[in-house]
Amino acid sequence: MIIALHYSKLRPVLNFSCLQQCVRTVTVSAATEKLQQTELKSFREIPGPSSLPIMGPFLHFMPGGSLHNINSTELTHKLYDIYGPIVRIDSMFSKDAIVLLYDAESAGIILRNENNMPIRISFKSLSYYRQKYKKSENDRTDRPTGLVSDHGELWKSFRSAVNPVLLQPKTIRLYSSALEEVATDMVERLRSLRDENNRIRGQFDQEMNLWSLESIGVVALGNRLNCFDSNLQDDSPVKRLIECVHQMFVLSNELDLKPSIWTYVSTPLFRKTMKMYEEQENLTKYFIKKALDDIKMNKSKSDDEKPVLEKLLDINEEYAYIMASDMLVAGVDTTSNTMSATLYLMAINQDKQQKLREEVMSKNGKRSYLRACIKEAMRILPVVSGNMRRTTKEYNILGYHIPENVDIAFAHQHLSMMEKYYPRPTEFIPERWLTNKSDPLYYGNAHPFANSPFGFGVRSCIGRRIAELEVETFLSKIVENFQVEWSGSSPRVEQTSINYFKGPFNFIFKDL
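Rules of the game
- Residues numbered from 1 in each chain as written.
- Predicted model: local features only at pLDDT ≥ 70, side-chain atom pairs only at ≥ 80, totals over all residues.
- Heavy atoms only, no water.
- 1 Å grid on protein atoms, 1.4 Å probe; cavity = no way out; pocket = protein on both sides within 12 Å on 5 of 7 lines; lining within 4 Å.
- Points joined across faces, edges and corners; volume = space filled by probe spheres on them.
- Helix = DSSP H or I, 4+ residues; strand = E, 2+ residues; numbered from the N terminus.
- Nonpolar A, V, L, I, M, F, W, Y, C, P; charged D, E, K, R; others polar.
- Buried < 20%, exposed > 50% of the residue type's maximum accessible area, 1.4 Å probe, protein only.
- Contact = heavy atoms within 4.5 Å.
- Pairing = 2+ DSSP bridges.
- Axes fitted to C-alpha atoms, helices over the stretch in contact; angles between N-to-C directions.
- Salt bridge = Lys/Arg side-chain N within 4 Å of Asp/Glu carboxyl O.
- Parallel < 35°, antiparallel > 145°, perpendicular 65-115°, else oblique.
- Patch = residues over 30% accessible without salt bridge, like charges linked within 9 Å, V, L, I, M, F, W, Y side chains within 5 Å.
- Areas by Shrake-Rupley, 256 points an atom, 1.4 Å probe, with all protein chains shown as cover.
- Expected span 1.5 Å × (residues − 1).
- Polar contact = N/O pair within 3.5 Å; in protein donor to acceptor, adjacent residues only side chain to side chain.
- Lys, Arg positive; Asp, Glu negative; His and termini not counted.
- UniProt positions renumbered as here; feature names shortened; annotations may be inferred.
- Core = buried A, V, L, I, M, F, W, Y, C linked by side-chain atoms within 4.5 Å.

> Is there a simple way to think about the layout of surface pockets in this case?
Remark: the empty space left among the atoms is shown by a probe the size of a water molecule rolled over them. Computed from the structure, the second largest pocket encloses a volume of approximately 600 Å³. Put simply, the parts of the chain that give the lining of the second largest pocket at least two residues each are helix H7 (169–172), helix H16 (368–380) and helix H18 (464–481). In terms of residues, the lining of the second largest pocket owes the most to one element, H18, which gives five residues. Its residues assigned to classes, the lining of the second largest pocket comprises 14 nonpolar, five polar and seven charged.

Rendered as structure tokens:
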């Protein structure tokens, strides 16, 4: 089945013409032109900001431009308001052209059809570091580099090997006790950090990072990283790794998501980013080495008690090192910001918090409302704004033709806040995930591709089960021990490679 989007006639936002060596263009083959399609208007006839050769893309963001002084979240909304459910942003320098889709049905069509060995272009600078920058002459051409940077058969072999260890719910539940111990310790740490007004002294987001790193560390490596040590110095491996992870998302946002010439010229920002990736790699090696030493000293552990690193060592040593390293990186800022956003929504919805507390303290084991609260929080304040695929075939969607080898971004964050998919979208209503089908709020009435916090299909988030268990465990401990309140202005959400839940953090943690 072929679906459409005439790529050469899409609504252009940033139409960029430049020297051939500076622009990557997508051309439609003769075969593509033979596709049966309805005669469409030229993109020049579609209303929107005009673009001029060379300077066109930049004019939109300069003073007086239609997109000047606008943050990423607002930009996504404004593009939809101006152009509708499909928008094309033309290539600039090393940044490929991209099509934004604000239509759940269209997203589903492409995601389902790109689900064999899907290509998801992200973190280009990280891929460059792993595949070229640090590569030696003796490296094998088929050497795996990670689930983010690899594609094709190399990626498929890697993913197939680690799936049983990381995605089976029964396997992940084996880490419940260890994560509960971390959560209990973090609750005591929060209690000790409160001032006379029950506010947390210091940086709350840093505290959430310490919790998330300690949690993923105990799952991936099987030992405590001592993130809660009161004498932890800023130059300690723990603090340095947290800073590296943060810088990874910030710097990759500058290099990979914004126009940049780093693929042609070694810029200062590029060199800084390569140095940061190298430090991050060395730090994860430090923690993995310590874990391996512990594994050698504790070989009597049963299979159920083994950390992810040890389980993967039994399958493939190369995969084990890479996966453990990636878990320490990918499992920090993502989980900590999810936790902060969820706590905020619980704090400003006291009735929902009390309902959750009653479920948690009943000890009935079902925890259905707990999971509903987390799902609703990820719908309203997801940690990533959307999903992405590079097409491997042609599509006709919404009356336009898209050839293969085009990057498509699915605006799931925007879709999940649309009234037509989720009635009363701005309200925090966990019950929508539990109510029956006759209720207009029932989540099943929404299109299945309107909300996708962990991605879709074979390339969905490999750490989903771990992240869910971490947040469930910690949130349960929080509401069991504190009444969480919020005082003051609403928080900011800063959209980079991920969505950062920014301060000021006006949380109040009252003892029950």
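What follows picks up the thread again.
> Looking at this model, I keep getting lost on the environment of Leu-283. Mind explaining?
Relative to the assigned elements, Leu-283 resides in helix H11 (residues 268–297). Its relative accessible area of 4% is what places Leu-283 among the buried residues. Contact partners of Leu-283, with chain neighbours within four places excluded, come to Pro-237, Arg-240, Leu-241 and Cys-244.

> Just checking my understanding: could you explain the sheet that holds strand E2 (residues 98–101) for this structure?
Neighbouring strands of a sheet are bound in pairs by backbone hydrogen bonds; such pairs are parallel or else antiparallel. Across the sheet, four strands lie side by side as E1-E2-E6-E3; this open sheet has mixed pairing. If you trace the sheet from one side to the other, it starts and ends with strand E1 (86–89) and strand E3 (387–390), each paired once. Strand-to-strand, the axes of this sheet are offset by a mean angle of 20°, without reference to chain direction. With four bridges joining them, E1 and E2 adopt antiparallel strand pairing.

> What exactly am I supposed to notice about the pattern of salt bridges here?
Pairs can form between side chains of opposite charge whenever their charged atoms are close. Counted by the stated rule, this structure contains 28 salt bridges. Where Arg-189 meets Glu-207, a salt bridge forms, and the shortest distance between an N and an O atom there is 2.5 Å. Of the two residues, Arg-189 is situated in helix H8 (residues 176–193) and Glu-207 in helix H9 (residues 204–220); the sequence distance between them amounts to 18 residues. Arg-189 sits in the buried class, given a relative accessible area of 16%. Residue Glu-207 is classed as buried on the basis of its relative accessible area of 8%.

> Would you explain the packing of H9 against helix H10 (residues 237–257) in this entry?
Packed helices, taken two at a time, are described by the angle their axes make and the gap between the axes. H10 packs onto H9 with a crossing angle of 105° between their chain directions and a minimal axis gap of 11 Å. Put simply, H9 runs roughly perpendicular to H10. Contacts between H9 and H10 pair Gln-206, Asn-209, Leu-210 and Leu-213 from the former with Val-238, Lys-239, Leu-241 and Ile-242 from the latter. Taken together, the residues of the contact of H9 with H10 sort by class into five nonpolar, two polar and one charged.

> Looking at this structure, how should I read a nonpolar patch on the surface?
On the surface, a cluster of nonpolar side chains totalling about 240 Å² of accessible area is made up of Ile-261, Tyr-264 and Val-265. Structurally, the position occupied by Ile-261 is in the loop between H10 and H11.

> I keep staring at the pairing of strand E6 (residues 407–410) and nothing clicks. Help me out?
Each regular strand carries side chains that alternate between the two faces of the sheet. Where burial is concerned, the two faces of E6 agree: the one with Asp-407 and Ala-409 and the one with Ile-408 and Phe-410 are both buried. Sheet topology places E2 next to E6; four bridges connect them, and they run parallel. Across the sheet, the residue bridging to Leu-101 is Phe-410, located in E6. The pairing of E3 with E6 spans four bridges and is classified as antiparallel. When the sheet's bridge partners are listed, Arg-389 is paired in E6 with Ile-408.

> Looking at this model, I keep getting lost on helix H13 (residues 317–330). Mind explaining?
Given 3.6 residues per turn, any residue in an α-helix points the same way as the ones three and four places further on. For H13, spanning 14 residues, the distance from its first C-alpha to its last is 20 Å, which sits close to the expected 20 Å at 1.5 Å a residue. Across the 14 residues of H13, ten count as buried, placing the element largely inside the fold. Residues of H13 that are buried include every one of Tyr-319, Ala-320, Ile-322, Met-323, Ala-324, Ser-325, Asp-326, Met-327, Leu-328 and Val-329, and no others. Residue Asn-316 occupies the N-cap position of H13, its side-chain oxygen lying 3.0 Å from the main-chain nitrogen of Glu-318.

> Could you clarify how one ought to interpret the side chain of Asp-150 in this entry?
You can see Asp-150 is positioned in the loop between helix H5 (124–133) and helix H6 (152–166). It turns out Asp-150 is buried and unbridged, and the closest side chain with the opposite charge, Arg-130, is 7.2 Å from it. A distance of 2.6 Å separates polar atoms of two side chains, one belonging to Asp-150 and the other to Thr-145. Not counting residues within four places of it along the chain, the set of residues in contact with Asp-150 comprises Gln-131, Pro-144, Thr-145, Trp-155, Phe-158 and Arg-459.

> Please explain the UniProt feature "binding site: heme" (unreviewed entry) in the protein as it appears in this structure.
Here the UniProt-annotated "binding site: heme" (unreviewed entry) positions come out as Cys-461. You can see Cys-461 is positioned in the loop between helix H17 (412–415) and H18. Excluding residues that lie within four positions of it along the chain, Cys-461 makes contacts with Arg-159, Leu-167 and Phe-454.

> I keep staring at unusual backbone geometry and nothing clicks. Help me out?
Gly-503 connects to Pro-504 through a cis peptide bond whose omega is 5°. In this model, Asn-226 sits at a positive phi of 65°, which is unusual for a non-glycine residue. Considering the arrangement of structural elements, one finds Asn-226 in the loop between H9 and H10. Positioned with a positive phi, Lys-363 is a non-glycine residue whose angle comes to about 55°.

> So what exactly am I meant to see when it comes to the nonpolar core here?
One recurring pattern in soluble globular proteins is that nonpolar side chains are buried together. Core analysis: the biggest nonpolar cluster contains 102 residues, and Leu-213, Leu-221 and Phe-474 have the highest contact counts within it. Ranked by residues supplied to this core, first place goes to H11 with ten residues. Apart from residues lying up to four places away in sequence, Leu-221 is in contact with Ile-216, Phe-287, Ile-288, Ala-291, Pro-307, Leu-309, Ala-324 and Leu-328. Residues Ile-109, Leu-111, Leu-415 and Trp-433 belong to the second largest nonpolar core, which totals 24 residues.

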